[in-house]
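# Residue-level structural notes
Single-letter residue listing:
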Amino acid sequence: MPMKHPAKTISDALRESRLFLARHKIPDANLATEIILAHVLKSYRTYLYRNFYKRLSLRQLSVYNKLTQQHIKGKPISRITGKKEFMSLPFIINRHVLSPRPETELVAEEALRLIQSYPADKLIILDIGTGSGNIAVSVAKLCQNRHLHVFASDTSAQALKIARQNARINGVEKLITFCKGDLFRAFKPFRLGHKADFILTNPPYITPCEYKKLPNSVLKYDPKHALYAKDDGLYYHKQIMEKASRYLRQNGYLLMEMGMGQCENLKKLAAESYNPNQIKILRDYNDIPRMLSIRYN
Ligand code: GLN
């Protein structure tokens, strides 16, 4: 990092790199410096303020400077620390999984809301394309007043490894079965036909044309197979809608995240196979239609 006087204490390091990040127009420069330094010191951000005048070793400084540089070049903070919060729960991530997005909390929140009034003694929930396990783990964790079991699938064994670790970190490993395989094929050994109460999914939905225009912070760090979908980005939604009715119980729900501008097409497609009165669209915090909810009856 091209700083003239290498920082010596935590306070110096924070001040200098804050200015440095701000000069490079990095948003939230204060927060970014704190998260990166806390990560280097393997501690929490509060530690920095309790040890404000503590000296940093040369090694700590050089790692800190290196990571700060990477952030300036576009590496997201979550990719630097290998951690990301979802539904206020801790998740680890690596290059094999999509970094969970705040928009996806809509799927988990709506599932939690519906589950509270859903009449079943034991709920079976499917999470298709679990990635880091964020949807499966947060629903299992935040729904502990209900008797439930989640089956979470992914085609990537490396992703499932991370998802299992996240289940363990959040103490819900007994509530989730991770299954390797493509979409519903992963669930075949469990004979779940017409047994699922909820099917939750954030499938890949970026169109080939949009994919090329994604910022480097996404293109370089999120796995392509977690984002990219042919058929105007609706390839996976179509597959899932086609098969979901074989897995859902009467009055069960299918909740699917979708991309900007996909709402009308998706609604039309859904109405071909499901009762149009039971199809709902939910908007995200930017007022963008983000989730399709279908009640199967
Ligand atoms: N279920 C994960 C998420 O919502 C992964 C989704 C994906 O890889 N498309 O973030």
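Placed above this text is the structure.
Quick look at the structure, then. Note that the coordinates shown come from a computational prediction; the quantities given were computed from them, not determined experimentally.

### As for the site of the ligand
Taken together, the neighbourhood of the ligand is formed by Leu98, Thr104, Gly129, Thr130, Gly131, Asn134, Ile135, Asn202, Pro203, Pro204 and Ala226. Thr130 places a main-chain nitrogen or oxygen 3.2 Å from a nitrogen atom of the ligand. Take Asn202: an N or O atom from its side chain is 2.8 Å from an oxygen atom of the ligand. Coverage of the ligand by the protein chains reaches 95% of its 290 Å² of free accessible surface. The residue makeup of the shell around the ligand, split by class, is five nonpolar, six polar and no charged.

### Let's talk about helix 11 (residues 235-247)
With 13 residues, helix 11 should reach 18 Å at 1.5 Å per residue; the first-to-last C-alpha distance of 19 Å fits that figure. Every buried residue of helix 11 is accounted for by His237, Ile240, Met241, Ala244 and Tyr247. At its buried positions, helix 11 is contacted by strand 3 (122-128), strand 6 (196-201), strand 7 (248-257), helix 12 (263-273) and strand 9 (289-295).

### Section: the packing of helix 1 (residues 10-23) against helix 2 (residues 29-40)
One can describe the packing of helix 1 onto helix 2 by two numbers: an axis separation of 9 Å at closest approach and a directional angle of 135 degrees. Relative to helix 2, the element helix 1 is oriented oblique. For the element pair helix 1 and helix 2, the recorded crossing hand is right-handed. Each of Ile10, Ala13, Leu14, Ser17, Arg18, Leu21 and Ala22 in helix 1 lies in contact with helix 2, whose residues at this interface are Ala29, Asn30, Ala32, Thr33, Glu34 and Leu37.

### Quick notes on the state of the cysteines
Summed over the entire model, instances satisfying the criterion amount to zero disulfides. Of all cysteine sulfurs, the one in Cys179 lies closest to Cys143, which takes part in no disulfide; the gap is 19 Å.

### Re the nonpolar core
Ile115, Ile125, Val139, Ile176, Phe198, Leu200 and Leu255 are the most contacted members of the largest nonpolar core, which has 36 residues in total. Of all the elements, helix 6 (residues 105-116) adds the most residues to this core, at seven residues. Within the second largest apolar cluster, 28 residues are counted, among which are Ile124, Ile128, Met256 and Cys263.

### A look at the pattern of salt bridges
Enumeration according to the criterion identifies twelve salt bridges in this entry. Arg113 is the partner of Glu110 in a salt bridge, and the nearest nitrogen-oxygen pair spans 3.0 Å. Linking Glu110 with Arg113, this pair stays in helix 6, spanning three residues, or about one helical turn. Taking relative accessible area as the criterion, Glu110 reaches 6% and is therefore assigned buried. By relative accessible area, Arg113 is classed as partly exposed at 48%. In this structure, Lys280 engages Glu110 in a salt bridge whose closest nitrogen and oxygen atoms are separated by 3.8 Å. Remark: Glu110 occurs in helix 6 and Lys280 occurs in strand 8 (residues 279-283); sequence separation between them is 170 residues.

### Comments concerning the packing of aromatic side chains
Applying the stated criterion across every chain, the model contains twelve aromatic pairs. Pairing Tyr274 with Tyr296 gives two aromatic rings, centres 6.1 Å apart and planes at 75 degrees, and the pair type is edge-to-face. With Tyr274 in the loop between helix 12 and strand 8 and Tyr296 in the segment after strand 9, this pair connects stretches of sequence that are 22 residues apart. Through a chain of ring-to-ring contacts, three or more aromatic side chains come together here, namely Tyr49, Phe52 and Tyr53.

### Remarks on the pairing of strand 4 (residues 147-154)
Of all eight residues that make up strand 4, seven are buried, and the element is covered over most of its length. Where strand 3 lies against strand 4, seven bridges are found, and the strand directions are parallel. The residue of strand 4 that forms the bridge with Ile125 is Val150. Considered for its hand, the β-α-β crossover made up of strand 4, helix 8 (residues 157-169) and strand 5 (residues 176-180) is right-handed.

Criteria and cut-off values
- Residues numbered from 1 in each chain as written.
- Predicted model: local features only at pLDDT ≥ 70, side-chain atom pairs only at ≥ 80, totals over all residues.
- Heavy atoms only, no water.
- Near = heavy atom within 4 Å.
- Polar contact = N/O pair within 3.5 Å; in protein donor to acceptor, adjacent residues only side chain to side chain.
- Areas by Shrake-Rupley, 256 points an atom, 1.4 Å probe, with all protein chains shown as cover.
- Nonpolar A, V, L, I, M, F, W, Y, C, P; charged D, E, K, R; others polar.
- Helix = DSSP H or I, 4+ residues; strand = E, 2+ residues; numbered from the N terminus.
- Expected span 1.5 Å × (residues − 1).
- Buried < 20%, exposed > 50% of the residue type's maximum accessible area, 1.4 Å probe, protein only.
- Contact = heavy atoms within 4.5 Å.
- Axes fitted to C-alpha atoms, helices over the stretch in contact; angles between N-to-C directions.
- Parallel < 35°, antiparallel > 145°, perpendicular 65-115°, else oblique.
- Left-handed = near helix turned anticlockwise from the far one by under 90°.
- Disulfide = S-S within 2.5 Å.
- Core = buried A, V, L, I, M, F, W, Y, C linked by side-chain atoms within 4.5 Å.
- Salt bridge = Lys/Arg side-chain N within 4 Å of Asp/Glu carboxyl O.
- Phe/Tyr/Trp six-rings, centres within 6.5 Å; stacked < 30°, edge-to-face > 60°.
- Pairing = 2+ DSSP bridges.
- Right-handed = clockwise from strand over helix to strand, strands pointing away.

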